[in-house]
Amino acid sequence: MSWTSGEVIRQLNSLLDRLGAEDLSSLPAESMGADQIALQRIVNRAQAEGLRRLRRFDGGQGYAPSGALSAKAWLRWQLNLTATTASERVAISRKLAALPKTDQALADGDISYRHAVLIAETASQLGAKFEVQAETILVDVSKEVCPWRLQRAIWNLKHCLDSDGVLSDANDVHGRRCLHLSQSLDGHYRIDGWLDAEGGAVLNTALNSVMGPRLSDDDRSGAERRADAAVEMARRQLDGGQLPEVGGQKPHLAVSVDMATLSKEPGSMAAELEWSQPIPAETARRLACDAAITPIIDGEADHTSRVVPGATRRALIARDKGCRFPGCDCPPSWTDAHHVKHWADGGPTTLDNLILLCRRHHRLVHEEGWTLELDHSRDLVAIPP
């Protein structure tokens, strides 16, 4: 008995309906693993058949009676695909006609659509240098690894077959490097850009070093930890004093603030942060905990001095050895000197009123309302707001 494609598709839909109606709560959870493997192979095979039929639809202009101008336009219209996705499908369906091993492996369910895309794109990029043996190698690898690891195998294959082309591609990527730092109307900054492989690896290595292993009480997301690490790297460069001078001065973070704001008097103005928006009083108080202060009286600048003198900070480092927040192991070079009672409120800049806090915990204490108290054994106890 021969069935039409429409009848087969109806049977497939009927079988899927039966699967969907199955009560999974009555089945052992571990049995779902075998189902995942089997269903993924079916998905791969269905996508292969879809590409085979798309190749016939495209080559025979099956879209023409509908008024569509191309198979890509028809896919966007009838399947609600994006232009990028529709274009990729048409391109891959055409390329697989010249890649019989890849086409067959996808039809057998042995590799995924994404594997097939990577192999087809590689064949297109290498052109005449892509031989039958190269396709065999990539198909065999695809059957064993995920697309990410396949991409690494492709990089090695390209280097073997066309090292000059790989170098040219790397130079092109390097030429497209960019970094955009833009400020929104509400004062926030957005970072966007591209780096070549080397530049990205350098940045990633540095960020990972600053982030260190995740602490048990660190509930920040990976993105938040990377953002904090990037700011910390910039802060250390500023603190190190090795950056080129700007306008005859070492680059530094500048805040203009009234004493009324530092004292948090009602009705006081917000502080002004250079290159940014006005900032809350508590942020200014945190920055002023351990900073160089230049009093300006009647428009005239007075002598600039450190809030925490060098000798006092050295003694503080010798005593605290690093961030004092419970459970934190950040070294002294990553910390600020925090006034337990702020100097703007009359607190003295003495060892009894100072502790070292890393930048993240310093912010917790100021902007996020945490408090620190000494227990009976003189250990710090952190109390959330």
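Residues numbered from 1 in each chain as written. Predicted model: local features only at pLDDT ≥ 70, side-chain atom pairs only at ≥ 80, totals over all residues. Heavy atoms only, no water.

Trainee: When you look at the overall build of the protein in this model, what are you seeing that I'm missing?
Mentor: Of regular secondary structure, the protein possesses 15 helices and 13 strands. For the protein, the C-alpha radius of gyration of 31 Å lies well beyond 21 Å, the compact-globule estimate for 385 residues. Projected onto its principal axes, the C-alpha coordinates of the protein cover approximately 95 × 60 × 45 Å. Taken across its 385 residues, the protein has 28% of its residues classed as buried. Restricting to contacts in the protein with at least 6 residues of sequence separation, those with at least 24 account for 47%. Of the roughly 24,900 Å² that the protein leaves accessible, carbon and sulfur atoms contribute 55%. Here the protein contributes 44 positive and 52 negative side-chain charges, whose respective centroids are spaced 5 Å apart. (Helix = DSSP H or I, 4+ residues; strand = E, 2+ residues; numbered from the N terminus. Rg over C-alpha atoms; globule rule 2.2 N^0.38 Å. Buried < 20%, exposed > 50% of the residue type's maximum accessible area, 1.4 Å probe, protein only. Contact = heavy atoms within 4.5 Å. Areas by Shrake-Rupley, 256 points an atom, 1.4 Å probe, with all protein chains shown as cover. Lys, Arg positive; Asp, Glu negative; His and termini not counted. Charge placed at Lys NZ, Arg CZ, Asp CG, Glu CD.)

Trainee: It is not clear to me how the packing of aromatic side chains should be interpreted in this structure. Could you clarify?
Mentor: Centre distance and the angle of the planes are the two values used to describe a pair of aromatic rings. As enumerated under the stated definition, the model contains four aromatic pairs in all. Arranged with centres 4.7 Å apart and planes meeting at 55°, the rings of F57 and W74 form a pair that is tilted. Here F57, found in helix α2 (residues 31-59), pairs with W74, found in helix α3 (residues 71-79); they are 17 residues apart in sequence, far enough to count as distant. What makes W74 partly exposed here is its relative accessible area of 22%. Within the aromatic cluster, the residues linked to one another by ring pairs are F57, Y63 and W74. (Phe/Tyr/Trp six-rings, centres within 6.5 Å; stacked < 30°, edge-to-face > 60°.)

Trainee: Would you take a moment to explain the sheet that holds strand β5 (residues 278-279) for this structure?
Mentor: Strand order in this open sheet of three strands is β3-β4-β5, and the pairing throughout is antiparallel. With partners counted over all chains shown, the strands left at the sheet margins are β3 (255-256) and β5, one partner each. (Pairing = 2+ DSSP bridges.)

Trainee: Could you clarify how one ought to interpret helix α13 (residues 281-289) in this entry?
Mentor: Two residues of an α-helix separated by three or four positions point the same way, owing to the 3.6 residues in each turn. Within α13, nine of the nine residues are buried, which leaves it mostly tucked inside the rest of the structure. All of the buried residues in α13 are A281, E282, T283, A284, R285, R286, L287, A288 and C289. Its buried side turned inward, α13 meets β3, α12 (259-262), β4 (271-273), β5, β10 (335-339) and α15 (359-366).

Trainee: Please clarify how the pairing of strand β12 (residues 371-374) should be interpreted in this entry.
Mentor: Every regular strand shows the same layout, with side chains that alternate between the two sheet faces. Inspection of the sheet shows β12 paired to strand β13 (residues 380-383) by four bridges, in the antiparallel sense. The partner of L372 across the bridge, within β13, is A382. Counting the residues between successive antiparallel strands, the hairpin from β12 to β13 contains five residues, one of them, R378, with a positive phi of roughly 70°.

Trainee: What should I look at first to understand the environment of S93 in this one?
Mentor: Residue placement: S93 occurs in helix α4 (residues 83-95). Remark: the alpha-carbon pair of S93 and W343, spanning 250 residues in sequence, is separated by 71 Å. With residues up to four places along the chain from it excluded, the contact list for S93 reads L51, L54 and R55. Within the local environment of S93, its side chain forms a polar contact with the backbone oxygen of V90, the two atoms lying 2.7 Å apart. (Polar contact = N/O pair within 3.5 Å; in protein donor to acceptor, adjacent residues only side chain to side chain.)

Trainee: Is there a simple way to explain the pattern of salt bridges in this structure?
Mentor: Any two side chains of opposite charge can pair, given that their charged atoms come close. Tallying each qualifying case throughout the model produces 23 salt bridges. Between D103 and R55 there is a salt bridge whose closest N-O contact spans 3.4 Å. With D103 in helix α5 (residues 100-107) and R55 in helix α2, this residue pair connects regions lying 48 residues apart in the sequence. Among the charged side chains, a salt-bridge network with shared partners connects D218, R220, R225, D228 and R360. (Salt bridge = Lys/Arg side-chain N within 4 Å of Asp/Glu carboxyl O.)

Trainee: What is the right way to look at the side chain of H362 in this model?
Mentor: Relative to the helices and strands, H362 resides in helix α15. Residue classification places H362 among the buried positions, given a relative accessible area of 0%. A polar atom in the side chain of H362 sits 3.2 Å from the side chain of D336. Among residues more than four places away in sequence, those in contact with H362 are R286, C289, D336, A337, H338 and L357.

Trainee: Got a minute to help me understand a nonpolar patch on the surface in this structure?
Mentor: A cluster of nonpolar side chains, contributed by L179, L181, Y189, I191 and W275, occupies part of the molecular surface with about 670 Å² of accessible area. Taken together, the elements giving at least two residues each to the nonpolar patch come down to β1 (178-183) and β2 (189-194). Tracing the backbone through its elements, the reader meets L181 in strand β1. Owing to a relative accessible area of 56%, L181 belongs among the exposed residues under this scheme. (Patch = residues over 30% accessible without salt bridge, like charges linked within 9 Å, V, L, I, M, F, W, Y side chains within 5 Å.)

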